[in-house]
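# Residue-level structural notes
Listed below, chain by chain, are the residues.
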Amino acid sequence: RIIPTSASKLPVRDCSHVLATLRACADGGANRLYHITEGSQHSFLPDYISGDFDSIRPEVEEYYKLKGCEFIENKDQDFTDFTKCLQILQKKIEKNGLQIDAIVALGGLGGRFDQIMASVETLFHATSITPFPVIVIQECSLIYLLQPGKHKLHVDTGLEGEWCGLIPIGNACDCVTTTGLKWNLTNHVLKFGTLVSTSNTYDNSGIVTIETDKPLLWTMAIKE
Amino acid sequence: MESVFTPLDCLLPAGTSVPLALKYNNPKLETQFGNLKFCLLILNQPFNKGHFHCLWSKATLRACADGGANRLYHITEGSQHSFLPDYISGDFDSIRPEVEEYYKLKGCEFIENKDQDFTDFTKCLQILQKKIEKNGLQGKHKLHVDTGLEGEWCGLIPIGNACDCVTTTGLKWNLTNHVLKFGTLVSTSNTYDNSGIVTIETDKPLLWTMAIKE
């Protein structure tokens, strides 16, 4: 997991049954972690904290340093803390031979609009950083960038909320076909200024398939 | 100042044009690069496939005049969906039914004009000029950011399409003829120099976003 900096509060949720192989914080994400685990921070120590450290609070930095967490500084202003964290994560996955299926980023979708866009930009760069799918979750939303090709999403965990959407962010998609949605597309254009699929929902099949010719952002509701 | 123009610049591969100031040894020339910004009109005559691909890839806006759509459809056979015109205009007496149906399905704009006093080419050009003006394809913007209500951050987001040529002043991290594109560069967490004015020139729609002081 990666916890990026974000202005919104993270929901308090019992995810104790969820197992993460590796856990990291991107700069001010450490503040969020420190706050949300108040009273038992020692049981929730990240494997590393990375970034340019202009957001992490001094007392938070001191605490995790004291507890022996790895701090990896990168002052490069051409990349966001999220992107840099992802680059380090991939190196660690390779170095330690970790068997994983996906990378989950917590936060990054709230507060400042430009930072939400920066999270999306990181998803675009993620394809050249890591082969693993990267999803971003915050509050009631999830985003996942679909690469050109065919995708099959299982949406029957019981945690799916009502809405979902397909957002041609960054580029038009000339040819999109879906099944499993209430409003499906067949070889349709998705393009800002022409058509963007928002407030869509599911048929009851429990499966959504999407075929796209260009990168396309899938977004869905997480039940509260 | 005399007018300076390179007629065949449009057929040069992107990026190989010599900066005008360098080429004509005149540092006063305004444009920094010789990369001509042009709109492409496709007319109803056979044309060279090599020329087509070069012009298509470099054009800011692409249009078909009536039967020009047939030509486009034919020359892009197998991948028509990757070569969709911004609009097709004319009296539509030449466009073939299956071609019309295809581009309509793909959401291309159809602008009908049955006026027989003008050719399809002329009508296409009239529409083009309106679009250049309306869409601010020579889009220069000047934003006053000195109300006192501005927060720290600002950004430029190429949200629905790449912008091939963006130039700014007044920002901490300015751009000069730069690409803005998801996967390449998106301007976020930017901020202001202290001039109180931001200017932005863009070739395509570009989303400006800024903080409001709490």
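Everything below is about the structure shown above.
Residues numbered from 1 in each chain as written. Chains lettered and ligands numbered in written order. Predicted model: local features only at pLDDT ≥ 70, side-chain atom pairs only at ≥ 80, totals over all residues. Heavy atoms only, no water.

### Some details on the interface of chain A and chain B
It is common to report an interface's size as the accessible area lost on association of the parts. Contact with chain A, which involves 21 residues of that partner, is made by 22 residues of chain B. Taken over both partners, the interface formed by chain A and chain B buries close to 1800 Å², and the fraction arising from carbon and sulfur atoms is 62%. Summed over the shared surface of chain A and chain B, the result is zero salt bridges. Seen at the junction of chain A and chain B, the total is six residue pairs in polar contact (both at pLDDT 80 or more). (Contact = heavy atoms within 4.5 Å. Buried area = accessible area lost by both parts, 1.4 Å probe. Salt bridge = Lys/Arg side-chain N within 4 Å of Asp/Glu carboxyl O. Polar contact = N/O pair within 3.5 Å; in protein donor to acceptor, adjacent residues only side chain to side chain.)

### Notes on the sheet that holds strand β7 (residues 163-169) of chain B
Adjacent strands of a sheet pair through backbone hydrogen bonds, lying either parallel or antiparallel. Residues and elements named next belong to chain B. Across the sheet, which stays open at both edges, the four strands sit in the order β5-β10-β7-β8 with antiparallel pairing between neighbours. In the strand order of this sheet, the two ends are held by β5 (139-144) and β8 (178-180), each with one partner. Recorded for the sheet is a direction-independent mean angle of 35° between the axes of neighbouring strands. Bridge count between β7 and strand β10 (residues 197-202): three bridges; the pairing is antiparallel. Across the sheet, the residue bridging to T169 is T199, located in β10. (Pairing = 2+ DSSP bridges. Helix = DSSP H or I, 4+ residues; strand = E, 2+ residues; numbered from the N terminus. Axes fitted to C-alpha atoms, helices over the stretch in contact; angles between N-to-C directions.)

### Remarks on the pattern of salt bridges
All names here are of chain A. Under the definition given, this model contains 15 salt bridges over all chains. Close ionic contact of D114 with R112 constitutes a salt bridge, the shortest N to O distance being 2.8 Å. Judged by relative accessible area, D114 falls into the buried class, the value being 0%. Accessibility expressed as a relative area gives 23% for R112, which makes it partly exposed. If you follow the salt bridges from partner to partner, you end up with D174, D213 and K214 in one network. (Buried < 20%, exposed > 50% of the residue type's maximum accessible area, 1.4 Å probe, protein only.)

### A closer look at the side chain of T219 of chain A
Residue and element names in this part refer to chain A. Looking at the element boundaries, T219 is found in strand β14 (residues 216-222). Note on T219: relative accessible area 12%, which makes it buried. Separated by 3.0 Å, the side chain of T219 and the backbone oxygen of L142 make a polar contact. Beyond its immediate chain neighbours, meaning those up to four positions away, T219 contacts L142, I143, W163, C164, G165 and I167.

### Structural notes on the packing of aromatic side chains
A full pass over the atoms with the stated rule returns 15 aromatic pairs over all chains. When the ring of Y63 of chain A is compared with that of Y64 of chain A, the centres are 5.3 Å apart and the planes differ by 80°; the resulting orientation is edge-to-face. With respect to class, Y63 of chain A is no different from Y64 of chain A; both count as buried. With a centroid separation of 5.8 Å and an interplanar angle of 45°, the aromatic rings of F52 of chain B and F83 of chain B are classed as tilted. Residue F52 of chain B is located in helix α2 (residues 49-58), and its partner F83 of chain B is located in the loop between α3 (68-75) and β3 (87-90); the two are separated by 31 residues in the primary sequence. Accessibility classification places F52 of chain B together with F83 of chain B in one group, the buried group. One aromatic cluster in this structure is built from F47, F52, W56 and F83 of chain B. Between K65 of chain A and the ring centre of F71 of chain A, over which it is positioned, the NZ or CZ distance is 5.0 Å. Geometry around F110 of chain B places K104 of chain B over its ring, the cationic atom sitting 5.0 Å from the centre. (Phe/Tyr/Trp six-rings, centres within 6.5 Å; stacked < 30°, edge-to-face > 60°. Lys NZ or Arg CZ within 6 Å of the ring centre and 35° of its normal.)

### Quick look at the pairing of strand β6 (residues 134-138) of chain A
Residues in a regular strand project their side chains so that they alternate between the two faces of the sheet. Residue and element names in this part refer to chain A. In terms of burial, β6 is a largely internal element, four of the five residues being buried. By the bridge criterion, four bridges tie strand β5 (residues 103-106) to β6 in an arrangement that is parallel. Pairing of I103 across the sheet is with V134, part of β6. Where the polypeptide runs from β5 across helix α4 (residues 113-129) and back to β6, its parallel neighbour, the crossover connection is right-handed. (Right-handed = clockwise from strand over helix to strand, strands pointing away.)

### Section: α3 of chain B
Along α3 of chain B, the residues that are buried comprise G68, A69, N70, L72 and I75 of chain B. Those residues of α3 of chain B that are buried lie in contact with β1 (39-42), α2, β2 (61-65), β3 and α4 (97-105) of chain B.

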